[in-house]
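Here's the letter readout for the chains.
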Amino acid sequence: MAARERGHWLASRHRGLEHAPGTGRRAHVSDAAPQGRHPARRYPPWWFQSVAPRHAMTRRIVTEASPMPVTPQDDPYYRIRHSLAHVMAQAVLELFPEGKIAIGPPIENGFYYDFDLPRPLTPDDLTAIEAGMRRIIAKDVPFIYREVSPDEARALFRDQPYKLELIDGLAQGLDEYGETHHGDTVISTYRQDTFEDLCRGPHVERTGQLDPEAFKLTGIAGAYWRGNEKNPQLQRIYGTGWANKAELDHYLFQLEEARRRDHRRLGKELGLFHFSDDIGPGLPLFTPRGEIIRHEMERFVRELQTKYGYSHVWTGNVVKESLYKKSGHYDAYRENMFPPMVESEDLVFRLKPMNCPSHMTLYKEMGIHSYRDLPLRFAEFATLYRYEDSGALHGLTRVRALTQDDCHIFCRPDQIEAEFGLALNLIREVLATYKFGDYRVDLSLRGASGKYIADDEAWDLAEGALRSALDHYGVQYREAPGEAAIYGPKADFIARDVLGREWQLSTIQVDFIQPRRLGLEYIGEDNQPHTPVVLHRAVTGTTERFLGVLIEHFAGAFPLWLAPVQAVIIPITDKQQEYAEQVRRRLAEAGLRVEIDTSRDRMQGKIRRAQLQKIPYMLIIGAKEQEADAVAVRMRSGEDLGAIPVAAFVERALQEVRSRA
RNA sequence: GCCUACGUAGCUCAGUCGGUAGAGCACGUCUUUGGUAAAGACGAGGUCACGGGUUCAAGUCCCGUCGUAGGCUCCA
């Protein structure tokens, strides 16, 4: 059903930009059924994969063609987790002897197994299953390997339809995920105790080698057989498994830390935004404090864009539906647009789900363009509206009203490399300011499939330009064949936050197709009309989503320039009220966001509240400070700077704001 | 959209076998005027998401709707 499958030229054109860059949430290594065609990823046990699969899934917006399986070579926990999956399957079958088993691989942090069971599982079942697993472990039975012929395998699993399907695939040289398998296919099984499973291993030698205190079943979820929504939905049980209890505890602690940083929780605690049933799902409301952060974020990108030679345009929020019929979005994107506003049969409007048709229309309306006028860089911070599936909504990171820091660069083919480099620099500066020091770049290229627009010359030109720009700026990148947009290659910037979770933030895409389709032109040196190239580019992606990421990245403790309240004045007694107001006015006039805590609490209470609100500076004012025209500065870190003259504090704070430190 | 669970005061949560609703924080009033993470007392605050149903009686049981959470799918 997806346009991409129909091979429409627009189908993946917006994968990134028109779709909030980075909202793309593709399968993550730990969750979806492995597809087995990605290179193995190596990681130490305490690296960022230590975040729970469930969290990782919602947080890691990494663009992967398909999830990468954990493989025995690169994961010391493979045997433990794979063995736990088998033990769990045995425990489940002991409870449901008629249950059907599907697949159960090890994943980051643990394992899962998919079942087709006569009734839905409940959390109580998990407890019973865990108990069953411990009994099996206590038996200390061996894992026994054997190879079988396809016919033997079919006989062995005659009551297991999912296994039979796997066996048929194996017999045809496919692996267990239906992918082409390299080398000879050997059908093998592992048996422990009463449970024998189709499996290539490896496993631990005996169940007794599994620590009964080092695993935990973490959740029940629906999952489609082989990840295809047309297939029956199975019940998946997730578990986490480690070498010992200390490791499990460490992992659970990290989960707790991730929960503590959850932007939905912090957004509420810090009073930044709300969702309301009266407004609608996926439509966030920003409080005065939340709006300040949005404003500062946009102001920062706007300032930089201006410095880099971008101009800003405004194309509104409502567009005639007919434009999207011309651009092709109507067919490819209709499902994700809010329903039409019908004035008459010939006059139908839509809320704008992406900027590019509007920007390209503006380009045309502005008259005939000379090659000398290019590049034209149209940036915009308009809010777009997309009717996301209800099940896809998630806090600020997946919303139905999203504000992109979007830009369309109209240029000549020979300008692509320079424009790419310009965008690259801009992105690097922005990410550095937000303290995303660790990021990587995926260069998404054409794959073998036929979904790409055929124009080898244009593709080669675009790819060459991207490569040389990346090389020129010394950016390391990983090639991702088959990940390009249909109309051209792109570069996705994947940043890692302080917890090591990855987020696709920025993206730069090269589009040779849409400008042609919408009839854009410029007059070349040869006095002939030419079609410009359009670069789609986003820096932080969308304000909403990036704010969600920032909240988690900073755990709500924003740097001074972003902090909604930069300083709170804490008078020790009522006698300092007047002086406090005087100080407040001086700071406000200097451009600082400052409040006085006028509550009747004692100083300790006011400090506590300011700490919990993660306000960068607490300015304590008592008789001594009033005497000295000073404030006693306590920082959010707990550090006490002692009494500082008001003017000196203003200077210090302004410097910190200006440098966006 | 699909699977499962959840929805009780502004927030975080308790509420047993069906018998007219509870705590802490926040909020208000009063007392306390304080030196770096919570002073004390009193008070107000709920159509138990919404709509049906069963029952003498529903926060509690059943059905539907909406929303949220964790996954799956999607992400053009």
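Throughout, residues of each chain are indexed from 1 in the direction in which the sequence is written. To label them, take the chains in the order written and letter them from A, then take the ligands in the order written and number them from 1. The predicted nature of this model means local features are confined to residues of pLDDT at least 70 and side-chain atom pairs, given and counted, to a pLDDT of 80 or more, with totals for whole chains, interfaces and linings taken over all residues. Hydrogens and waters are ignored; side-chain quantities use all the structure's heavy atoms.

## Focus on empty space enclosed by the protein
Argument step 1. In this analysis the probe radius is 1.4 Å and the grid spacing 1 Å, with only protein atoms considered; a cavity is a set of points the probe fits into but cannot get out of, a pocket is an open set with protein on both sides within 12 Å along at least five of seven lines, and lining residues have an atom within 4 Å of a point. Grid points are joined across faces, edges and corners, and a volume is the space filled by probe spheres set on the points. Scanning the entire structure with this criterion turns up 7 cavities of 30 Å³ or more.
Argument step 2. In terms of lining, the largest cavity is formed by Leu-270, Leu-272, Arg-289, Gly-556, Phe-558, Ala-563, Pro-564, Val-565, Gln-613, Lys-614, Ile-615 and Pro-616.
Argument step 3. For the lining of the largest cavity, the residue count by class is 8 nonpolar, 2 polar and 2 charged. Residues are grouped as follows: Ala, Val, Leu, Ile, Met, Phe, Trp, Tyr, Cys and Pro are nonpolar; Asp, Glu, Lys and Arg are charged; all remaining types, including Gly, are polar.

## Some thoughts on the packing of helix α9 (residues 288-307) against helix α13 (residues 416-433)
Argument step 1. Axes here refer to lines fitted to C-alpha atoms; in helices the fit is confined to the stretch in contact. Angles between the N-to-C directions go from 0 to 180 degrees. Labels follow the DSSP assignment, with helices taken as runs of H or I lasting at least four residues and strands as runs of E lasting at least two, numbered in each case from the N terminus. At a minimum axis distance of 11 Å, the contact between α9 and α13 shows a crossing angle of 150 degrees. Between α9 and α13, the angle falls in the class roughly antiparallel. For the pair α9 and α13, the crossing hand works out as right-handed. Where α9 abuts α13, its residues Phe-300, Leu-304, Gln-305 and Lys-307 lie against Leu-426, Glu-429, Val-430 and Thr-433. Any angle that is under 35 degrees is reported as roughly parallel, and any over 145 degrees as roughly antiparallel; angles of 65 to 115 degrees are reported as roughly perpendicular and all others as oblique. Crossings are classed by handedness, with left-handed meaning an anticlockwise turn of the near helix from the far one by less than a right angle and right-handed meaning a clockwise turn. Working rule for contacts: check all heavy atoms of both residues, and any pair within 4.5 Å makes them a contact.

## Focus: the sheet that holds strand β29 (residues 640-645)
Sheets are built from strands that pair by backbone hydrogen bonding, the pairs being arranged parallel or antiparallel.
Argument step 1. Pairing within the open sheet is mixed, and its 5 strands lie in the order β26-β25-β27-β28-β29. Whereas interior strands pair on both sides, the edge strands pair on one side only; in this sheet they are β26 (594-596) and β29. Each strand of the sheet is rotated relative to its neighbour by a mean of 25 degrees, with strand direction disregarded.
Argument step 2. Here 4 bridges tie strand β27 (residues 617-621) to strand β28 (residues 630-635), and the two strands are oriented antiparallel to one another. Its bridge partner being in β28, Tyr-617 is matched across the sheet by Met-635.
Argument step 3. Packed onto the sheet, helix α20 (residues 646-658) meets β25 (567-571), β27, β28 and β29 and runs at close to 115 degrees relative to β29. Only strands joined by at least two bridges in the DSSP assignment are considered to pair.

## Points about unusual backbone geometry
Argument step 1. Cis geometry is adopted by the peptide bond preceding Pro-375, which originates at Leu-374 and carries an omega value of 0 degrees.
Argument step 2. If you trace the backbone, Pro-375 turns up in the loop between α12 (356-365) and β15 (376-380).
Argument step 3. The phi dihedral of Arg-226 is positive, around 60 degrees, even though this residue is not glycine.
Argument step 4. Note that Arg-226 resides in the loop between β7 (215-224) and β8 (233-241).

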